[in-house]
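Listed below are the residues making up each chain.
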Amino acid sequence: MSQKKAPEKPTGNHTSVEMEMADMVGKPLGGPGTQPTKPVRKKSSESMTSDPDLYYSVEDLRSEPPPGEPVSNRIRPMLGQGKHEAGALFFKDGYRRIDYVLAFPVPRRKHPVKVEHKPEDDSSAFHPEGEDQKVRRRREFEKNLIEAGLDLERDDETKDHGMCFVRLHAPWKVLSQYAEILKIKMPTKKIYELKERTGIKAKAYALWRKTIKPLQPSPQAKQVDKEPYKHISYTFSRDKEHMFLIENRDTFFLPSTRSLIVHEILKRTRYSQKDYAIGITNLIAQGVYTAAYPLHEGEFEGDTDIPPNPRQMLFDEWGSYSKFVKFQPLNLIRNYFGEKIGMYFAWLGLYTKLLIPSSLVGLIVFLYGVFTMDDNVPSDEVCEAYNITMCPLCDRECKYWRLSDSCKSAKFSHLFDNEVTVFFSIFMSLWATWFLENWKRKQMELNYAWDLSGFEEEEEQPRPEYEARLVKHRIEQSDKTGQGYGSASGNAEDSGMGEEVKLPKKQTLFAVGVSSVTILTMFTVTLAAVFAVIMYRLSVASALAIYPNSGQIVSGTAVTLNLIVILILDEIYGSVAAFLTNLECPRTETEYEDKLIFKLFLLKFVNSYASIFYVAFFKGRFMGRPGQYIYAAPGLRMEECGPGGCLYELCIQLSIIMAGKQLIQNNVMEIGMPKLKKFLRECTCFGLCKERAERAEDKAGPRDTRWEEDLVLEPFSGLSPEYLEMIIQFGFVTIFVASFPLAPLLALVNNVLEIRLDARKFVQELRRPMAERAKDIGIWYNILKGITKISVIVNAFVIAITSNFIPRTVYQYMYSPDGSLHGFIDWSLSTFNVSDFEPGSEPRDNRSLGEVVQFCRYRDFRDAPWEAEPYKYNLAYWHIFAARLGFVICFQNFIIFLRDFIGYIIPDVPKELDEQIKKENKIMMDALIHEENVRQGEVEMDPEKEPL
């Protein structure tokens, strides 16, 4: 095999990867003063306007082919395929695939703008510019893209007003170079047989596969090889190109991989000679380009007689509501959207699947409460307590009432507060750990199947906002010192010192301090909103006390009002979190995303759960007692739990907030908002709407191009909103599940619909996201672990404090004469002498029940008024207090032990997968050693065996 002479590299302290990256994107490594190589431009008379400096054709931008190579060789047809339709996914020649599209507006003007070539002043790089400055940056950027090896194509039509598009294509040379630099794994020719199961294990596996076969996507959508062997994947290398399974160079790399490579070039390409003037993100932030995006693979709805494209398959197999019982086509999702999005939907699918057993157990707990409702002794005693008079629930206007009036509430409370509630809380705590351990295993399987093992994220470029603030800081420092910006003493980077300049710590600490204070202020706003709802409930309850059944009306309206406040604050907090993160100005996109996620989670977590925590642990705990009530405001005493108890109210509050957030925020807004934004974008897209309407009227004329249709779609804004709504739901499912066993079932129903809604949104309503690689779900896994730990503590306190489990247990084993719950209700009520009411707080009518009331009962464990120390906590109170404390300690330690045990017995990597990875590594290593020996002539190649 002939060896080609390696091109000379710049000298200096630079790695081979950095030098090769610099060669491709035109970044000089010899120092700031090095000038990039100027391209050889080929003039063309086609598609030229009266202003050649502003509008130029693809022929005007592309460089000359090498000597002796005809231009037609650079437009090689795809092997095994004919010419494709122009305006769809290919250049006008019908052969070169469009890998990326850049869009920018052409402003309305009366005469062409003449652009003069002059060096840019770096001090104005981030200041508002005129159109001429944008044109200079565009042409410099596109010139450097061509130097990097990309093919460009512009619109031929000259426009006075509207959108212009630049279409990019990556030839094989560029794809292979970047695939090697980015360490993308691709299938090789080397194969090996997969280990077949034998014995009982094989029969059980075959039975399981046969059982779930109706739930699998169609074979075409699964995109999984059925052969009993596997091609070993290896990091792509141009030197070992013959090793890889390249049947067709044009289809060897998936479209998502091609767009990833082009995006990498766009991130690294310069538009100026200065160090900070780099990347498409900067240009979009400055308005030089409006959008940069890969194209969707055609229409999502098409002729059934034609083989469907990947977008159609996703819409039919993934976005169809009729396929809600089927598994997701994860391989197709990954191939189309990339590993990062594929990882999210794999996580969501596993979470939804594991909600099935928890939903069944929660339903069993609920049904147990239904079937034992009539046999429950405490609720029967409540319904038969016609002679027990209860103290009024508010001052003056409220009347005395019979305990039997709360019969329905007591019966309903038994549905969720019964003997198996503790078991269900233990089960859900272990379920959360089981889910996380299963996800770690699933994650390893996906890393292996998607060739992500060994993938490490590279160092990111600074964000344009960070660079803008850095430039501003440099200018301010140069003004203070009296030295020009960019001088050797004023700019460490330009002086060749090689040290990265960062924002001063004083600015960073100030921004962090402002963020911390603002977040604490937002917490106060949330608590103020909760207090406002409490005041509403107290005032309305007092005003409507004379009407029967007013309590249900007050509770229902208060919970609805609380839900509305939560939804409104959620939207406000999203903007606040984004503002604070922008104020802190993180350096990279990953840092920005992590900081934003953390703020969003804190604010929305507190907003979603503040009212629930209040009902669970504070309502009725600090109200005082009859005769010594604590008042929130003059005439409005602190509220106590209703006749059904605090757990009953907690259940109602949790169910309405959870169902309301999922229905309104997660589903209705996800459907409506993208459609509304698409409509507004169509009407404000710089004349594009008018052009499309004119073409729609002229049916015989040209159709909308793929890039025009994709431009009006909603830009992809990241996975943080998708993760966040599921994380909040995970909290509802685990943290307060002891009070609402049907929470997993509600979550399951929502998620089945959520998956299809998200699928339709990604396929139909959003621009195609740039494919990103990711080995895991990032910071979200740590948040899930934190919620799992919080859930153990909260459920322990809910059972110990909010429910009546501990008082019932203490009475049954310490105070009951026969070991049963007979007499529990009377034992749990204290007695109050109505003559001890504070003046002005007693009921107006002392004969509301038809007789003069001398004594009334209330829920507490205090001595009677005729005791030596009336209204003092009695011995039963301290017994219950000690039992609650002991239960919390034992429950937490027991769950922690079981959780650690589950984590120990479930390995992170399945045994079969671990063996398979080791076997592949050994086979590949032996093949590489053999290949190297053959190349060096130490071993003779067997002519009957195909080389690797």
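In the nomenclature of an unreviewed UniProt entry, the chain corresponds to Anoctamin from the organism Branchiostoma lanceolatum. Turning to the chain, the UniProt annotation filed under Sequence similarities (unreviewed entry) states: "Belongs to the anoctamin family."

Trainee: Which parts of the structure should I look at to understand the sheet that holds strand β3 (residues 162–169)?
Mentor: Hydrogen bonds between backbone groups are what pair the strands of a sheet, and the pairing can be parallel or antiparallel. Strand order in the open sheet formed by four strands is β2-β3-β1-β6, and the pairing between neighbours is antiparallel. The sheet is open, and its two edges are formed by β2 (151–154) and β6 (291–293), each paired on a single side. For this sheet, the mean inter-axis angle between neighbouring strands, taken without regard to orientation, is 20 degrees. Where β2 meets β3, four bridges bridge the pair, whose relative direction is antiparallel.

Trainee: Can you walk me through the environment of R396 in this structure?
Mentor: Summarising the element assignment, R396 is placed in the loop between β7 (389–390) and β8 (401–402). Among the residues examined, R396 registers a relative accessible area of 27% and is labelled partly exposed. Along the sequence, R396 and P843 sit 447 residues apart, while their C-alpha atoms lie 4.2 Å from each other. Apart from residues lying up to four places away in sequence, R396 is in contact with G840, S841, E842, P843 and R844.

Trainee: Which parts of the structure should I look at to understand the packing of aromatic side chains?
Mentor: Aromatic ring pairs are defined here through the distance separating the ring centres and the angle between the ring planes. The final tally for this structure, using the stated rule, is 53 aromatic pairs. When the ring of F424 is compared with that of F427, the centres are 6.4 Å apart and the planes differ by 20 degrees; the resulting orientation is stacked. Of this pair, F424 and F427 are both found in helix α15 (residues 421–449), three residues apart, which corresponds to roughly one turn of the helix. Owing to a relative accessible area of 24%, F427 belongs among the partly exposed residues under this scheme. With 5.1 Å between their ring centres and 45 degrees between their planes, Y811 and W827 make a pair best called tilted. Pair noted here: Y811 is in helix α26 (residues 805–815) and W827 is in helix α27 (residues 824–827), with a separation of 16 residues, a long-range link. The buried category is assigned to Y811, whose relative accessible area is 5%. Across the ring face of F104, the terminal group of R138 is positioned such that the distance to the ring centre comes to 3.9 Å.

Calculation criteria
- Residues numbered from 1 in each chain as written.
- Predicted model: local features only at pLDDT ≥ 70, side-chain atom pairs only at ≥ 80, totals over all residues.
- Heavy atoms only, no water.
- UniProt positions renumbered as here; feature names shortened; annotations may be inferred.
- Pairing = 2+ DSSP bridges.
- Helix = DSSP H or I, 4+ residues; strand = E, 2+ residues; numbered from the N terminus.
- Axes fitted to C-alpha atoms, helices over the stretch in contact; angles between N-to-C directions.
- Buried < 20%, exposed > 50% of the residue type's maximum accessible area, 1.4 Å probe, protein only.
- Contact = heavy atoms within 4.5 Å.
- Phe/Tyr/Trp six-rings, centres within 6.5 Å; stacked < 30°, edge-to-face > 60°.
- Lys NZ or Arg CZ within 6 Å of the ring centre and 35° of its normal.

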